[in-house]
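# Notes for the structure review
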Amino acid sequence: MTLEAGDDAPAVTANNQHGKTVSPEFEAPTVVYFYPRDDTPGCTVEAKQFNAELESYRDAGATVYGVSTDDVESHEAFAEKFDLGFDLLADPDGEIADAFGVEVEDDYTPRTTFVLAGGEVEAVYDGVDPDGHAREVLSDMLDDELVVLE
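Residues numbered from 1 in each chain as written. Predicted model: local features only at pLDDT ≥ 70, side-chain atom pairs only at ≥ 80, totals over all residues. Heavy atoms only, no water.

A separate point is the packing of aromatic side chains. Enumeration over the complete set of coordinates arrives at 10 aromatic pairs. Aromatic pair phenylalanine 34 and phenylalanine 100: ring centres 5.5 Å apart, planes at 65°, arrangement edge-to-face. Of this pair, phenylalanine 34 sits in strand β3 (residues 30-34) while phenylalanine 100 is found in helix α4 (residues 95-100), placing the two residues 66 residues apart along the sequence. The pair phenylalanine 34 / phenylalanine 100 is uniform in exposure class, with both members buried. Aromatic side chains phenylalanine 50 and tyrosine 57 sit 5.9 Å apart centroid to centroid with 40° between the ring planes, which places their arrangement in the tilted category. Grouping aromatic residues by their ring pairs yields a cluster made of Tyr33, Tyr35, Phe50, Tyr57, Phe78, Phe82 and Phe86. (Phe/Tyr/Trp six-rings, centres within 6.5 Å; stacked < 30°, edge-to-face > 60°. Helix = DSSP H or I, 4+ residues; strand = E, 2+ residues; numbered from the N terminus. Buried < 20%, exposed > 50% of the residue type's maximum accessible area, 1.4 Å probe, protein only.)

Spelled out as structure tokens, the structure:
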């Protein structure tokens, strides 16, 4: 079952697109977005838009992670192709998806986004439309006063 607002943030560790081990703390505001596959049309739109909003997320003190079942090499090529400035976490065994309660079907996860802060889930977005999602999430975080832009 997918984690819901109020649930404790899971402890996860994965390699990013550079092969470095990453263990997000989820104390500071964090966005974890699951997407089906690197370098596909919708996933590319979503990644490019999170990247376009990345400076605003950082100014607001928030971190962004993208997660798919692709491996480190696929993430590396995808991140380089679009000059992505945030970590893509490789989840080929579906361990991160499982920790968040996101179902892996045919080696893909559905588009699902989590906003976490203070060690717990603050918001969940299911069935995400990738176009405009990055701005929507940031706007909601501002509206909910999870983050502040100076």
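Right, picking up where we left off after that structure.
With that out of the way, let us pick up the environment of glutamate 95. With respect to the helices and strands, glutamate 95 occurs in helix α4. Judged by relative accessible area, glutamate 95 falls into the exposed class, the value being 55%. With 26 residues separating them along the chain, glutamate 95 and threonine 69 place their C-alpha atoms 9.3 Å apart.

Turning next to the environment of leucine 116. Here leucine 116 shows up in strand β6 (residues 112-117). Expressed as a C-alpha distance, the spacing of leucine 116 and aspartate 8, which sit 108 residues apart in the sequence, is 9.0 Å. Once residues within four sequence positions are removed from consideration, leucine 116 is found in contact with Ala9, Pro10, Phe26, Ala28, Pro29, Thr30, Val32, Phe100, Val121 and Glu122. (Contact = heavy atoms within 4.5 Å.)

On to the environment of valine 137, then. Relative to the elements of secondary structure, valine 137 occurs in helix α5 (residues 133-143). Accessibility expressed as a relative area gives 0% for valine 137, which makes it buried. Excluding residues within four positions of it along the chain, valine 137 makes contact with Val31, Tyr57, Thr113, Val115 and Tyr125.

With that settled, the discussion passes to the sheet that holds β3. Spatially, β5-β4-β3-β6-β7 is the arrangement adopted by the five strands of the open sheet, whose pairing is mixed. Two strands in the sheet have a free side with no partner beyond their single neighbour: β5 (87-90) and β7 (120-126). The sheet shows a mean angle of 20° between the axes of neighbouring strands, direction not considered. Pairing of β6 with β7 involves six bridges; the strand directions are antiparallel. (Pairing = 2+ DSSP bridges. Axes fitted to C-alpha atoms, helices over the stretch in contact; angles between N-to-C directions.)

A separate point is the pattern of salt bridges. Scanning all chains against the criterion turns up four salt bridges. With a shortest N-O distance of 2.5 Å, aspartate 70 and arginine 37 are connected by a salt bridge. Placement of aspartate 70 in the loop between β4 (63-68) and α3 (72-81) and of arginine 37 in the loop between β3 and α1 (41-52) is noted, with a sequence separation of 33 residues between them. The partner of aspartate 39 in a salt bridge is lysine 81, and the shortest N-O contact between them spans 3.0 Å. One end of the pair, aspartate 39, is in the loop between β3 and α1; the other, lysine 81, is in helix α3, with 42 residues separating them in the sequence. (Salt bridge = Lys/Arg side-chain N within 4 Å of Asp/Glu carboxyl O.)

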